[in-house]
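# Summary of structural features
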Amino acid sequence: LHINSISKYRMNSFEEWLKSITHPSVQKFSKHLIELGASWETFQREKSEVVIDLVDGGIPQLAAKDIVSIASDALSRSQVPLKVFWDLENMQIPANSSVAEAITRLKAIISSHGKVAQIR
């Protein structure tokens, strides 16, 4: 198979994403995808090649096409640039947190919705 084993991209880990998707094909074959070593990098490749790899790995063709379509769409959405403007006067950073910690947590929360381009 030509499926990479790296599991992180610009959004949540691939395994976390698989757990969050309710589509029947994704749910049914999520463990199988992990066993095959599928990752976000897998879905950057040509869709037809990925479908062939998934089918060769034992996933039925229709399910493989659904999975490739859903994952590719999620990957495209994850690359949309996001800008965050924080109103520090009205929403201050908690006293028990540092600025770096707050920004790291904020990026982790919003990264599944796009690529964080700027935080102000």
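Residues numbered from 1 in each chain as written. Predicted model: local features only at pLDDT ≥ 70, side-chain atom pairs only at ≥ 80, totals over all residues. Heavy atoms only, no water.

Along the polypeptide, Ser39 turns up in the loop between α2 (24-36) and α3 (47-56). At 3.1 Å, the side chain of Ser39 forms a polar contact with the side chain of Glu41. (Helix = DSSP H or I, 4+ residues; strand = E, 2+ residues; numbered from the N terminus. Polar contact = N/O pair within 3.5 Å; in protein donor to acceptor, adjacent residues only side chain to side chain.)

With that out of the way, let us pick up α2. Between its terminal C-alpha atoms α2 stretches 18 Å, which fits the 18 Å expected from 13 residues at 1.5 Å a residue. Taken together, the buried positions of α2 are occupied by Ser25, Val26, Phe29, Ser30, Leu33 and Leu36. Of the surrounding elements, those touching the buried residues of α2 are α1 (14-20), α3 and α4 (61-78). Gly37, located one to two residues past α2, shows a positive phi value of around 90°. (Expected span 1.5 Å × (residues − 1). Buried < 20%, exposed > 50% of the residue type's maximum accessible area, 1.4 Å probe, protein only. Contact = heavy atoms within 4.5 Å.)

For the rest of this paragraph, the subject is α3. Looking only at α3, the buried set comprises Val50, Val51, Asp53 and Leu54. The arc enclosing the buried residues of α3, seen along the axis, measures out at 165°, which places them on a common side. When the buried face of α3 is taken as reference, the exposed residues oriented beyond 90 degrees from it are Ile52 and Asp56. Buried residues belonging to α3 abut α2 and α4. (Arc of directions from axis to C-beta.)

Between α3 and α4, the least distance of the axes is 9 Å, while the angle of their chain directions is 135°. One finds that α3 runs oblique with respect to α4. Where α3 crosses over α4, the handedness of that crossing is right-handed. Taking contact as the criterion, the partners of Lys47, Val50, Val51, Leu54 and Val55 in α3 are, on α4, Gln61, Ala64, Lys65, Ile67, Val68 and Ser72. Residue composition of the contact of α3 with α4, by class: seven nonpolar, two polar and two charged. (Axes fitted to C-alpha atoms, helices over the stretch in contact; angles between N-to-C directions. Parallel < 35°, antiparallel > 145°, perpendicular 65-115°, else oblique. Left-handed = near helix turned anticlockwise from the far one by under 90°. Nonpolar A, V, L, I, M, F, W, Y, C, P; charged D, E, K, R; others polar.)

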